[in-house]
Amino acid sequence: MNELVTGDAVVLGLQPARLPSRALAVVIDLAVVLAVFMLVSVGLAVATVSLDDAAGAAIAVAAFLLVPVGGPIAVETLTRGRSLGKLACGLRVVRDDGGPIRFRHALVRGAMGVVEVLGTFGVVACVSSLVSARGRRLGDVFAGTLVVRERLPGRAASVPPPPPWLVGRFAQLDLSAVPDELWLAVRQYLTRMHQLDGAVGLSIAERLSADLVARTGTPAPQGVPAAAYLAAVVNERQARDVRRVVASAGRGAAVYPPTGSPAPGGLRPAAPTPGSSPSPAGSAGAQADGSVRVGPSAPSDPGAPAPSAGPEGTGASAGGGFAPPA
């Protein structure tokens, strides 16, 4: 099994980590832990130079338990399974169901790691990882965890387009009452609907369609599959977002002052001198008396209509990505 699958037959898209990447992450973690342990040992040796041998031995054992053993456990608990080595290699420790680990998972992994990694110099961990189908060592087996890859190239999720006969059919649908959480759930379903079990995917699509109908107040068309209905509604919202952005860009164009009003920067339009022809509108140039003429950007014919920024729907494309608010 190359990907992690839950009990509902949902493919999570998480791939178990290979032995070379896990070994590199362990080497990085051990190097950091060893450096910290040496610094702590030197500091404790200087601080406890006046103590007897028994007290020094007890402090050395406590330092070993706190740094090489307790340090990785604390780091994996606080970072939800991402130590420094795993962060550098793009790995993470997760539960068998794909959820984040807790303290008990990190504790079991750390306790078993003392035996199979530190005690046997990693031999037992390597053998168990090679034997396991998911590359798990004994600590992962007892803790119910799995080391997975986080950085997977070429797996960008995109919302599939709706059927062509549904494009533009929901142009009059009121989407103002649909919350962001529902949009996010619909998008997640559409990006992974081909990875779901047939019955599970159908039930999820019907539930999301019912929620969407309840928010919009308009029933779904008869005979339209739930997944196609969701894709068409998402495509309609995406098209509206594109039109809104295009309209905002058109309204945000530069507005020039009318004739006779002060120009930006304190410059005033210069009156044309007798015998001279007016310069084209919207141009700036030096006159004979040294003044600068700044004219508004307007057509030469006063009766001609001003150029418009284009129709509001220009630029709408159904192929753009749909990104709901975080």
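Scroll up to find the structure this text is about.
Residues numbered from 1 in each chain as written. Predicted model: local features only at pLDDT ≥ 70, side-chain atom pairs only at ≥ 80, totals over all residues. Heavy atoms only, no water.

A closer look at the side chain of Glu116
Condition: A run of H or I in DSSP counts as a helix once it spans at least four residues, and a run of E counts as a strand once it spans at least two, with each numbered from the N terminus. When accessible area is computed with a 1.4 Å probe and restricted to protein chains, residues below 20% of their type maximum are described as buried, those above 50% as exposed, and intermediate ones as partly exposed. The contact definition used throughout considers only heavy atoms, calling two residues in contact when any of these lie within 4.5 Å.
Residue placement: Glu116 occurs in helix α4 (residues 103–119). For Glu116, a relative accessible area of 1% puts it in the buried group. Dropping the residues within four chain positions of it, Glu116 is found in contact with Gly122, Val123, Val124, Ala125, Ser128, Arg137, Leu138 and Gly139.

Brief notes about the environment of Val108
Residue placement: Val108 occurs in helix α4. Taking the C-alpha atoms as reference points, Val108 and Val141, separated by 33 residues in sequence, lie 9.7 Å from one another. Excluding residues that lie within four positions of it along the chain, Val108 makes contacts with Gly139, Phe142 and Ala143.

Focus: a nonpolar patch on the surface
Just so we agree on the cut-off: Grouping into patches uses exposed residues only, defined as over 30% relative accessible area, and leaves out salt-bridged ones; the cut-off is 9 Å for like charges and 5 Å for nonpolar side chains (Val, Leu, Ile, Met, Phe, Trp, Tyr). For the accessible areas, the method is Shrake-Rupley and the probe is 1.4 Å, while residue cover comes only from the protein chains on display. Should a side-chain nitrogen of Lys or Arg be within 4 Å of a carboxyl oxygen of Asp or Glu, the pair is scored as a salt bridge.
On the surface, a nonpolar cluster with roughly 470 Å² of combined accessible area is contributed by Val26, Leu30, Val61, Phe64, Leu65 and Leu118. Counting only elements with at least two residues in the nonpolar patch, the list comes to α1 (19–47) and α2 (53–78). As for its position among the elements, Leu65 is in helix α2. A relative accessible area of 48% means that Leu65 is categorised as partly exposed.

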